[in-house]
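A look at the structure
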Amino acid sequence: MEFIIGLLVTYLIYRLFKGNKKSSPPASTQKKNPQSFSEKTKVNENRTSSPSIKVGSSRISVSSTSNHAYVDDDDFATFTIHTSFGREPEKTTNKRKGRWISESEQLSINGRQLTKGFYYFGGAMNSLDGYSIEPSLVDDKRPASSPSVDSEIYTDETLGYWPSYASLSKDCRGAYLDWLASERSAPDTPIGYVFIYFYGFERRIIEDKTKAQISNDEYIKIFEEVLRLNLAFNANRSFKGYSANFLELMALQRPTLFENRQSSIPDTNNALSFKVELAKTVASGNLVTAPLALKWLKNTFEYSLKTPARRCEEEFQQLFKLRFSEKFGEGVSVKPNKTKLRLSYHAASNGVNGVDLELGDLPDPSILKGPINKLIPIAEQCTEELSSYSRYLGKTETSRNDIAALMLLPKELSNEANSPVIETFKSWANQIISSNDGLTTVKEFWTHTGTPLPKAFNKKENELVANLAAKAEIGIAPDQRFHHAKLKIGDNIVLFSPGHGEFFEPSSTFNQVSLAIRLGAMVATIDGTVDHHEKIVLQALINHDDKLSPSEKNSLNAYLTWRLNAPVNNTGLKSRIEKLGVPQVEFLKKFMHSIALADGKIDASEIKQIEKLYTSLGLDKSLVTSDIHAFASSKQPISAASKDFSIDKNTFQLDEGILAMHESDTNDAKSMLESIFAVDEEPELEVSLTANANEGDLDSPYKELFETLIAKESWPRKEVHELCGKLNLMVDGTLETINDWAYDKVDAPVLDDDGDIYVDLEIVEELKG
């Protein structure tokens, strides 16, 4: 009779399915929703889901043979009728009425001693829907294999889509009883056994909704056991979702028991508790606060949180709260809508009907799009601010406690973290500043980042050094942002305090004086030593300029110290000087000689070095002696002879025309210096180069799938499963293969499997590069 009814229902579904398909919009325009309480699906990668209806213990599935968005009258629908349990259960001789075994009750079943209860035991017990045997009922009269000592848990085809103890094979029953006799936590447990166990909890709690026979103590123990299962087996997305939904149901049915335990309930999609909380908040006229607004974003079909929000969940939550408060203060006001809240819980067990929750006359604001459209820009802003931090954590062997990770956090979050690593660095930096004028080595500085010394210092390494110093309110020289010079592994670095600060912006005077310091340092260091008076003259360029702010002077003095302790770099200067006119060249000569004579003398060896400098700058070295003589003569009489010159260092002063660098010297001497000493952008050094651009590329089917996936940021898992099927690939293995390839290329995963499949588009761009 059941089979005949099934055929009749099949025909009715066929007519309904045909009519609906003709009037439905294209599949590409329909939003794919994540698992909700109205969807009774369990992920099974070996089978594509299709519309279905349960008739007794059978399920009728409907699928179309057409690949088009619309179905023409000539298209056919394909129907498959199969049982829910893999096979029909055998008759049992056990007439004992099934009963619940409490947690502390111990039984001996088929040669096993079960020291913990939490299951139904007996021979006679219909499922709650009345169609079949209770699927979780343990019947000791049904054959079961002897206890196994094998570490591998046995399974076969009888552990089907909706498993039932009665329908299992003899060996599977034995394996399930072995699991019940264990701690029930082995991570390699076939998930079907866990679901049979879980079905018993669903029946116990849902049946109690009308009978109210469970004590609060037992209720809490069941909650804790399901929570334990959720944590132990959350690698399975299907069980993770069903168990989390069930925990929500339990909390909603006895809210007073769980007032202080809401945070222990795992997050779910389209959560029941969220909808109730939102409805009550809006109905009472209260503001939607930041935490509730974030829950709304997590539970709406209008938006999907991106990789940084999911990978850096705690940081995203903190940042969202800050940005939300900046925009909306204490919260957002939402008016109650007319649509009433209707919620149901759909069980994982095939033997339990859904449960409708009694909610009173509450609105359902969760369906409103207006408030969500206000929240999405905030989520996008937070996502962008955490993108670099997220990408770092996506790499292998990284941690939130890494100094490099802290440097990538937004300032508000890094200050909140108050890392002891930063405090240790700050203490060391202040000691260097007080004892050695801030002068140290890049290698010594790098030890405080907690990461291995890189093979090359490129942009990201320079940024890490600057960010670490900034977090500790320490300045560095050179700072690539302001001094137009990059650090190198073998270089020195100068620290100073207070640092540049968040809002430091160098003036044009700052830029021009810094360039004059570069030229002056080249002259001062030409003989391999720096005389105290030469340093004083260069310091005068900084300290006597009233146009510079105190913070600019601090920065430039540190930069001067670095230049006087750094190798001379004349890169690109010769070609630029060749383009200058006579007045500009004469200005350069005057400036260099004023520095060279700052110590009151210039000997033959120093003259030889200046000749080398002339040559490197493209100037005529034969003019060095006459140029020095002419410059010194204009200041005061020269004593000594030949190529050794000396002047009274107590009365000598740097030419005020040089110090001021008046525009009358060469239209604009400062701008001229700026054009000569503009920053030389050195190319980034590649740590490793591949001889073949295609070496280590993805194999053909994986590459084809990858090129398809990068077209958008997220994919419903069902669509990815279909794409893999066309290429004869398995989803999990394929995602792992592509991510392994990405790790080899850029040391970070490109795909994130969180039910739906998310594509990290920033990593995609890095892979393309």
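Scroll up a little and you will see the structure.
Quick summary incoming for the structure in this document.

Criteria and thresholds
- Residues numbered from 1 in each chain as written.
- Predicted model: local features only at pLDDT ≥ 70, side-chain atom pairs only at ≥ 80, totals over all residues.
- Heavy atoms only, no water.
- Helix = DSSP H or I, 4+ residues; strand = E, 2+ residues; numbered from the N terminus.
- Buried < 20%, exposed > 50% of the residue type's maximum accessible area, 1.4 Å probe, protein only.
- Contact = heavy atoms within 4.5 Å.
- Core = buried A, V, L, I, M, F, W, Y, C linked by side-chain atoms within 4.5 Å.
- Pairing = 2+ DSSP bridges.
- Axes fitted to C-alpha atoms, helices over the stretch in contact; angles between N-to-C directions.

Some thoughts on the environment of Ile196
Considering the arrangement of structural elements, one finds Ile196 in helix 3 (residues 191-211). Relative accessible area serves as the criterion here: at 0%, Ile196 is assigned to the buried category. Beyond its immediate stretch of four places on either side in the chain, Ile196 contacts Pro135, Ser136, Leu159, Pro163, Ser164, Tyr165, Leu168 and Tyr176.

Details of the nonpolar core
Membership of the largest hydrophobic core comes to 64 residues, with the highest contact counts inside it found for Val138, Tyr176, Phe198, Phe201 and Phe246. Going through the elements one at a time, strand 4 (99-101), strand 5 (107-109), strand 7 (119-121), helix 2 (170-180), helix 3, helix 4 (216-232), helix 5 (237-253) and helix 6 (272-283) are the ones with two or more residues in this core. In terms of residue count, helix 3 provides more of this core than any other element does, ten residues in total. What Val138 contacts, discounting residues up to four positions off in sequence, is Ile109, Tyr119, Tyr120, Phe121, Gly122, Tyr165, Tyr176, Leu177 and Leu180. Among the nonpolar cores identified, the runner-up in size contains 59 residues, and Trp296, Leu297, Ala466 and Leu487 belong to it.

Considerations on the sheet that holds strand 10 (residues 439-441)
By definition, the strands of a sheet pair up through backbone hydrogen bonds, in either a parallel or an antiparallel sense. Spatially, 10-12-11 is the arrangement adopted by the three strands of the open sheet, whose pairing is antiparallel. Bordering the open sheet on either side are strand 10 and strand 11 (475-477), each of which pairs with just one other strand. The mean angle between the axes of side-by-side strands here comes to 35°, regardless of whether they run parallel or antiparallel. Note: strand 10 against strand 12 (residues 492-496), three bridges, orientation antiparallel. In the strand pairing of strand 12, Leu439 is matched with Val494. Each of strand 10 and strand 12 is contacted by helix 14 (residues 420-436), which is oriented at about 95° to strand 12, the strand it contacts most.

Observations concerning the environment of Leu408
Mapped onto the elements, Leu408 comes out in helix 12 (residues 403-408). The partly exposed category is assigned to Leu408, whose relative accessible area is 29%. Leu408 sits 16 residues away from Tyr392 along the chain, and the two C-alpha atoms are 8.4 Å apart.

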